[in-house]
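One-letter residues, chain by chain:
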Amino acid sequence: MASLIEVRDCIALNGRADARLISHQLKMPEPLVQAMLERLTLMGKLEEVEVEDCLTGSCKSCPEATACQTKLYQLR
């Protein structure tokens, strides 16, 4: 099982990351990763990044406009 330090290091290596990416890279359950990300944010080690621009540029017409929004984290 990965530690908080390993989660932080994974974000450092990627620049920015979401729970799904970290879960895949560290082979951990996504809910556990999300809890660790929230803990690191509360500790002031990470900050949540607002993702306002859709990667495809067509969110207004996309039927999954709210489902594709994800929280990204980066080092503080």
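Everything discussed here concerns the structure shown above.
The shown structure was predicted, so the numbers you read here are calculated from the model rather than taken from an experiment.

Rules and cut-offs
Residues numbered from 1 in each chain as written. Predicted model: local features only at pLDDT ≥ 70, side-chain atom pairs only at ≥ 80, totals over all residues. Heavy atoms only, no water. Helix = DSSP H or I, 4+ residues; strand = E, 2+ residues; numbered from the N terminus. Buried < 20%, exposed > 50% of the residue type's maximum accessible area, 1.4 Å probe, protein only. Lys, Arg positive; Asp, Glu negative; His and termini not counted. Salt bridge = Lys/Arg side-chain N within 4 Å of Asp/Glu carboxyl O. Contact = heavy atoms within 4.5 Å. Core = buried A, V, L, I, M, F, W, Y, C linked by side-chain atoms within 4.5 Å.

Caption draft 1: Highlighting the side chain of Asp-18. Turning to its location among the elements, Asp-18 is positioned in the loop between helix H1 (4-14) and helix H2 (19-26). Despite its burial, Asp-18 pairs with no opposite charge; the closest candidate is Arg-20, at 5.5 Å N-O. The residues touching Asp-18, leaving out its near neighbours within four places in the chain, are Thr-70, Lys-71 and Leu-72.

Caption draft 2: Broad picture of the nonpolar core. Residues Val-7, Ile-11, Ile-22, Val-33, Leu-37 and Leu-46 are the most contacted members of the largest nonpolar core, which totals 14 residues. Contributions of two or more residues to this core are made by H1, H2 and helix H3 (30-42). Ranked by residue count, the leading element in this core is H3, at four residues. The contact partners of Ile-11, leaving out residues within four places of it in the chain, are Arg-16, Ala-17, Ile-22, Leu-37, Leu-46, Tyr-73, Gln-74 and Leu-75.

Caption draft 3: Focus on the pattern of salt bridges. Within this structure, the stated rule accounts for two salt bridges. The salt bridge involving Glu-47 is made with Arg-76; its shortest N-O contact spans 3.9 Å. With Glu-47 in strand S1 (residues 46-49) and Arg-76 in the segment after strand S2 (72-75), this residue pair connects regions lying 29 residues apart in the sequence. Taking the relative accessible area as the measure of exposure, Arg-76 reaches 66% and is therefore exposed.

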